[in-house]
Amino acid sequence: FDDCHSERDWSPAEIDTVKTVAELVGAAVARTSRLQTLADANRIIENSSTILYRLSPQQPFQLIYLSQNVRRYGYDADQLLASPDRWLQLFESEYHPIIAADIKSIIEGKTEHTLIEFRLKKSDVSYAWLEGRGYAVRDEERRLVAIEGILTDITERKRSESELSFSHILLTTALENSPDAIIIVDASDRIIMFNQHFIELWDIPPEFAHAGIDEPVLKTVASRMKYESKFLAAVRDLYNHPEIQNHEELETKDGRIIERHSGSLYDAQRKYLGRIWFFRDITEKKRSAEKSPRLRALTH
């Protein structure tokens, strides 16, 4: 357009041409920027454990879009999109009615989003737990145009929940089969576990223990003690000093001797978690021990 060696007058046509070229360059730069943004977003999605999907809102609710990171489960997104009715078969059949009910709920306008947990059958015949969230996509006139959402892998969380549940069963079994009456409180002195023997030993109304509040249970146990105020003071001192381990024998108003042990609970980082209390009725054992010296004296 210009040799830049001398002044020249630009014609209207030339000026319009330069403006058009500038607009085209600007549009190309903007498009390149948008493409880079999309590429960055796509890379983040493909490297994440979250799968994006979109379904048609008409039966048979065909798969319209699926992110490529579904390959982590042994599937090819393009192949699944080529068979858009196949997607439901990837999930265990017991979840099919629940998924169908969720889709129906969105179509009928009863809800705008759904949440469900289900198991995905991987291509190697193993399973993965997924959390599925579905959302209604509507146009300006509020017509449903698609159902889209995300699938998040929760396999590790489910495994941890299962292990925790198993540990809880083992702990509960151990507590119930213990010869001791046991109660466990957390760092806030709330009751988190106890066994039936504890309820029976102190004749505690079950609703007190199930409520999780320590004070009514503590007062009930204290009311059975020969030295009530001394017992309460000792318990509160242990609550205030979690580092203390305690073992002593208690006398009740009805003449029983109860052996009590209390210990603190810590996690691997030595964070205080709470306290466990063991109680055992040793009345007969103490009486037998007291009788033995007298019997030996009589025999001699």
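Not measured: the values here are computed from a predicted model.

Asker: Honestly, the nonpolar core in this entry has me stumped. Any pointers?
Answerer: In globular proteins that are soluble, nonpolar side chains generally tend to be buried together. In this structure, L66, W87, F91, I99 and F118 are the most contacted members of the largest nonpolar core, which totals 27 residues. Elements with a contribution of two residues or more to this core: strand 1 (50-55), strand 2 (63-66), helix 2 (77-82), helix 3 (96-107), strand 3 (113-121), strand 4 (127-138) and strand 5 (144-153). Of all hydrophobic cores here, the second largest spans 25 residues; its members include A181, I191, L218 and F279.

Asker: Mind showing me how you'd approach the pattern of salt bridges here?
Answerer: When the charged atoms of two side chains with opposite charge come close together, those side chains can pair. The final tally for this structure, using the stated rule, is 21 salt bridges. Notably, a salt bridge pairs R280 with D180, separated by 2.6 Å at the nearest N-O pair. In this pair, R280 sits in strand 10 (residues 272-281) while D180 sits in the loop between helix 4 (155-176) and strand 6 (181-186), placing the two residues 100 residues apart along the sequence. Take D180: its relative accessible area is 13%, and that puts it in the buried class. In the salt-bridge network here, residues are joined through shared partners; they are E117, E131, R133, R157 and K158.

Asker: How should I be thinking about the packing of aromatic side chains in this particular structure?
Answerer: Any aromatic ring pair is given by two values, namely how distant the centres are and how the planes are angled relative to each other. Under the defined criterion, the tally for this structure stands at eight aromatic pairs. With a centroid separation of 6.4 Å and 70° between ring planes, the pair formed by W87 and F91 is classed as edge-to-face. For the cation-ring pair, K158 lies above W129, with the distance from its terminal atom to the ring centre recorded as 4.6 Å. One Lys or Arg, R270, reaches over the ring of Y266 and ends 4.0 Å from the middle of that ring.

Asker: When you look at the pairing of strand 6 in this model, what are you seeing that I'm missing?
Answerer: The side chains of a regular strand alternate, residue by residue, between the two faces of the sheet. With five of six residues buried, strand 6 lies mostly within the body of the structure. In this sheet, strand 10 lies alongside strand 6 in antiparallel orientation, the contact comprising six bridges. Within strand 10, the residue paired with A181 across the bridge is F279. Bridge analysis of strand 6 against strand 7 (residues 191-194) gives three bridges, and the strand direction is antiparallel. In the strand pairing of strand 7, I184 is matched with M193. Where strand 6 folds back on strand 7, the antiparallel hairpin that results is connected by four residues, among which D189 adopts a positive phi of roughly 65°.

Asker: In this structure, what is going on with unusual backbone geometry? I would like to understand it.
Answerer: Cis geometry is found at the peptide bond from Q59 to P60, where omega equals 5°. Locating P60 in the fold gives a position in the loop between strand 1 and strand 2. For D189, which is not a glycine, the phi torsion comes out positive at approximately 65°. Tracing the chain through its elements places D189 in the loop between strand 6 and strand 7. Taking the relative accessible area as the measure of exposure, D189 reaches 23% and is therefore partly exposed. One non-glycine residue, D203, lies in the positive phi region at around 55°. Of note, D203 is situated in the loop between helix 5 (196-202) and helix 6 (206-210).

Asker: Quick question: what am I supposed to make of the sheet that holds strand 8 (residues 246-251) here?
Answerer: Where strands meet in a sheet, backbone hydrogen bonds hold them as pairs that are either parallel or antiparallel. Ordered in space as 7-6-10-9-8, the five strands form an open sheet in which the pairing is antiparallel. Here the strands that pair on one side only, and so sit at the sheet edges, are strand 7 and strand 8. Sheet twist, expressed as the average angle between the axes of neighbouring strands with direction ignored, equals 20°. Relative to strand 10, strand 9 (residues 257-266) is paired through nine bridges, and the arrangement is antiparallel. Residue pairing in the sheet places Y266 in a bridge with Y272 of strand 10.

Asker: Help me understand the environment of I147 in this model?
Answerer: Its place among the elements puts I147 in strand 5. As a C-alpha pair, I147 and A136 span eleven residues in sequence and 4.9 Å in three-dimensional space. Look past the residues within four positions of I147 in its chain and what remains in contact with it is Y53, R54, L55, I103, I106, I107 and Y135.

Cut-off values and rules
Residues numbered from 1 in each chain as written. Predicted model: local features only at pLDDT ≥ 70, side-chain atom pairs only at ≥ 80, totals over all residues. Heavy atoms only, no water. Core = buried A, V, L, I, M, F, W, Y, C linked by side-chain atoms within 4.5 Å. Buried < 20%, exposed > 50% of the residue type's maximum accessible area, 1.4 Å probe, protein only. Helix = DSSP H or I, 4+ residues; strand = E, 2+ residues; numbered from the N terminus. Salt bridge = Lys/Arg side-chain N within 4 Å of Asp/Glu carboxyl O. Phe/Tyr/Trp six-rings, centres within 6.5 Å; stacked < 30°, edge-to-face > 60°. Lys NZ or Arg CZ within 6 Å of the ring centre and 35° of its normal. Pairing = 2+ DSSP bridges. Axes fitted to C-alpha atoms, helices over the stretch in contact; angles between N-to-C directions. Contact = heavy atoms within 4.5 Å.

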